[in-house]
Amino acid sequence: MCHSVGIASGAKRIQGPFLYKSLLPVGYSEWTTEDDQHEWNFHHVGIYNDVYDPCVELNFASPYIPCGVNINDPCKLHLFRPGGMWVQYGTFLLGQNDPYFNVIWEVD
């Protein structure tokens, strides 16, 4: 999709494991709570200068979809629960293999 409109978007792998804060996954009507012990081993986000992660809404108090925001503040601030790992791997082009784990991330 991104190449059809003339842009090249990237993706970035955030390696965990980490527990995440309250969020609203796309397609769901109820937020997860801080009491839930949901853990991600990793999470991929789109990168086009800043983060594009339209699969969740963050920040229950003032919800937003993390698109066009900095990966550390506000994205990490509203997603990551301290105590886990948050390792950002380098950016790779959307539609290519994740070079760190040799798996295709997303269809282009």
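For the structure, see preceding data.
Residues numbered from 1 in each chain as written. Predicted model: local features only at pLDDT ≥ 70, side-chain atom pairs only at ≥ 80, totals over all residues. Heavy atoms only, no water.

### What to know about the nonpolar core
Our working definition: For our purposes a nonpolar core is just a set of buried Ala, Val, Leu, Ile, Met, Phe, Trp, Tyr and Cys residues, chained together by side-chain atoms within 4.5 Å. Any residue under 20% of the maximum accessible area for its type is buried, any over 50% is exposed, and the rest in between are partly exposed; the area is computed with a 1.4 Å probe on protein chains only. Numbering of helices and strands starts at the N terminus; helices are DSSP runs of H or I of at least 4 residues and strands are runs of E of at least 2. Contacts between residues were defined by any pair of non-hydrogen atoms, one from each residue, lying within 4.5 Å.
Membership of the largest hydrophobic core comes to 17 residues, with the highest contact counts inside it found for Phe18, Leu23, Trp40, Val51, Leu58, Leu79 and Trp86. Only strand E1 (10-19), strand E3 (39-48), strand E5 (56-58) and helix H1 (71-79) provide two or more residues apiece to this core. If near-sequence neighbours (up to four positions away) are discounted, leucine 79 is found in contact with Phe18, Leu19, Tyr20, Lys21, Leu23, Trp40, His43, Leu58 and Trp86.

### A closer look at the side chain of aspartate 53
Quick reminder of the rule: Positive residues here are Lys and Arg, negative ones are Asp and Glu, while His and the chain termini are left out of the count. Here, a salt bridge means any Lys or Arg side-chain nitrogen found within 4 Å of an Asp or Glu carboxyl oxygen. What qualifies as a polar contact is a pair of N or O atoms within 3.5 Å, subject to a donor-acceptor requirement within protein and to the restriction that residues adjacent in sequence count only when both atoms come from side chains.
By secondary structure assignment, the location of aspartate 53 is in the loop between strand E4 (50-52) and E5. Despite being buried, aspartate 53 has no salt bridge partner; lysine 12 is the closest side chain of opposite charge, sitting 13 Å away. Among the polar contacts made by the side chain of aspartate 53, one reaches the side chain of histidine 43 at a distance of 2.8 Å. Contact partners of aspartate 53, with chain neighbours within four places excluded, come to His43, His44, Val45, Ile65, Pro66 and Cys67.

### Let's talk about the environment of lysine 76
Tracing the backbone through its elements, the reader meets lysine 76 in helix H1. The exposure class assigned to lysine 76 is partly exposed, which follows from its relative accessible area of 26%. The spatial distance from the C-alpha of lysine 76 to the C-alpha of tyrosine 20 is 9.5 Å, given a sequence separation of 56 residues. Beyond its immediate chain neighbours, meaning those up to four positions away, lysine 76 contacts Ile71 and Trp86.

### Thoughts on H1
Using the following cut-off: This arc describes the spread of directions from the helix axis toward the C-beta atoms.
Where H1 is concerned, the buried positions are Ile71, Cys75, His78 and Leu79. Seen from one end, H1 has its buried residues packed into an arc of 125°, which puts them on one side. A distance of 2.7 Å separates the backbone nitrogen of asparagine 72 from a side-chain oxygen at the start of H1, and that oxygen is part of asparagine 70.

### Some details on the state of the cysteines
This is how it is decided: Only a pair of cysteine sulfur atoms within 2.5 Å counts as a disulfide in this structure description.
Within the structure shown, the criterion is met by zero disulfides. With no disulfide of its own, cysteine 67 lies 9.3 Å from the sulfur of cysteine 55, the closest cysteine sulfur. Under the relative-accessibility criterion, cysteine 67 is labelled partly exposed at 34%. You can see cysteine 75 has no disulfide; the closest cysteine sulfur is in cysteine 55, sitting 9.5 Å from it.

Purely geometric stuff here, so don't read any function into it on its own.
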